[in-house]
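# Coordinates in review
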Amino acid sequence: MSYEVKIREDWCKGCYLCQNLCPKDVFDKADEINEKGIVIVKAARENDCIGCMQCANHCPDLAISIIEEEEKDAS
Ligand code: SF4
Ligand code: SF4
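What this report covers is the structure whose coordinates are included nearby. The model shown is predicted, which means the values in this text are computed figures rather than measured ones.

## So, the overall build of the chain
- In terms of helices and strands, the chain carries 2 helices and 4 strands.
- Going from N to C terminus, the chain has its helices and strands arranged as β-α-β-β-α-β.
- A compact globule built from 75 residues would reach a C-alpha radius of gyration of about 11 Å, and the chain, at 13 Å, matches this within 12%.
- Taken along the three principal axes of its C-alpha coordinates, the chain extends 45 × 20 × 20 Å.
- Sequence separation of at least 24 residues holds for 58% of the intrachain contacts in the chain that already meet a minimum separation of 6.

Here it is in structure tokens:
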């Protein structure tokens with residue numbers, strides 16, 4: 001199983017709780033700021049995500065969704 005880590009950039013307030021909690025170090029601070037002038041996070045290592053939901057469950061602004069993806073078939 002692989003996972004898509006979806007971040008609502010306009011909802012992120014830059015608390016970096018997700019970055020601190022993620023056991024797989026998926027998040028980095030992004031190079032850009034959002035419309036509120038906040039340095040947001042990005043899922044820099046999305047392929048390492050194990051779907052533990054720590055980030056989504058603890059984001060105070062519900063800005064993260066973890067979406068299960070079917071393994072991409074090479075056929
Ligand atoms: S926990 Fe939520 S609000 Fe905080 S940095 Fe991560 S995505 Fe942004
Ligand atoms: S679901 Fe778990 S492994 Fe995936 S990005 Fe969130 S905290 Fe990291």
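## Comments concerning the site of ligand 1
- The environment of ligand 1 is made up of C12, K13, G14, C15, Y16, L17, C18, V41, C59, P60 and I64.
- Its residues placed into classes, the shell around ligand 1 shows 9 nonpolar, 1 polar and 1 charged.

## Considering unusual backbone geometry
- Positive phi values are uncommon outside glycine, yet Y16 reaches one of about 65°.
- Positionally, Y16 belongs in the loop between β1 (2-7) and α1 (17-21).
- The phi angle at D25 is positive, at roughly 55°, despite the residue not being glycine.
- Looking at the secondary structure, you find D25 in the loop between α1 and β2 (27-33).

## Description of the nonpolar core
- Membership of the largest hydrophobic core comes to 20 residues, with the highest contact counts inside it found for V5, F27, V41, C55, I64 and I66.
- Where this core is concerned, the elements lending two or more residues are β1, β2, β3 (39-43), α2 (54-58) and β4 (64-69).
- The leading source of residues in this core is β1, at 3 residues.
- Once you skip the residues sitting within four places of it in the chain, V5 turns out to touch V26, F27, A43, E46, C49, I64, S65 and I66.

## As for the pattern of salt bridges
- Evaluated as defined, the whole model comprises 4 salt bridges.
- Taking the shortest distance from any N to any O, the salt bridge between K13 and D61 comes out at 3.2 Å. Taken together, the residues K13 in the loop between β1 and α1 and D61 in the loop between α2 and β4 connect sequence positions 48 residues apart.
- The network of salt bridges with common partners includes D25, D28 and R45.

What counts, and where the lines are drawn
Residues numbered from 1 in each chain as written. Chains lettered and ligands numbered in written order. Predicted model: local features only at pLDDT ≥ 70, side-chain atom pairs only at ≥ 80, totals over all residues. Heavy atoms only, no water. Helix = DSSP H or I, 4+ residues; strand = E, 2+ residues; numbered from the N terminus. Rg over C-alpha atoms; globule rule 2.2 N^0.38 Å. Contact = heavy atoms within 4.5 Å. Near = heavy atom within 4 Å. Nonpolar A, V, L, I, M, F, W, Y, C, P; charged D, E, K, R; others polar. Core = buried A, V, L, I, M, F, W, Y, C linked by side-chain atoms within 4.5 Å. Buried < 20%, exposed > 50% of the residue type's maximum accessible area, 1.4 Å probe, protein only. Salt bridge = Lys/Arg side-chain N within 4 Å of Asp/Glu carboxyl O.

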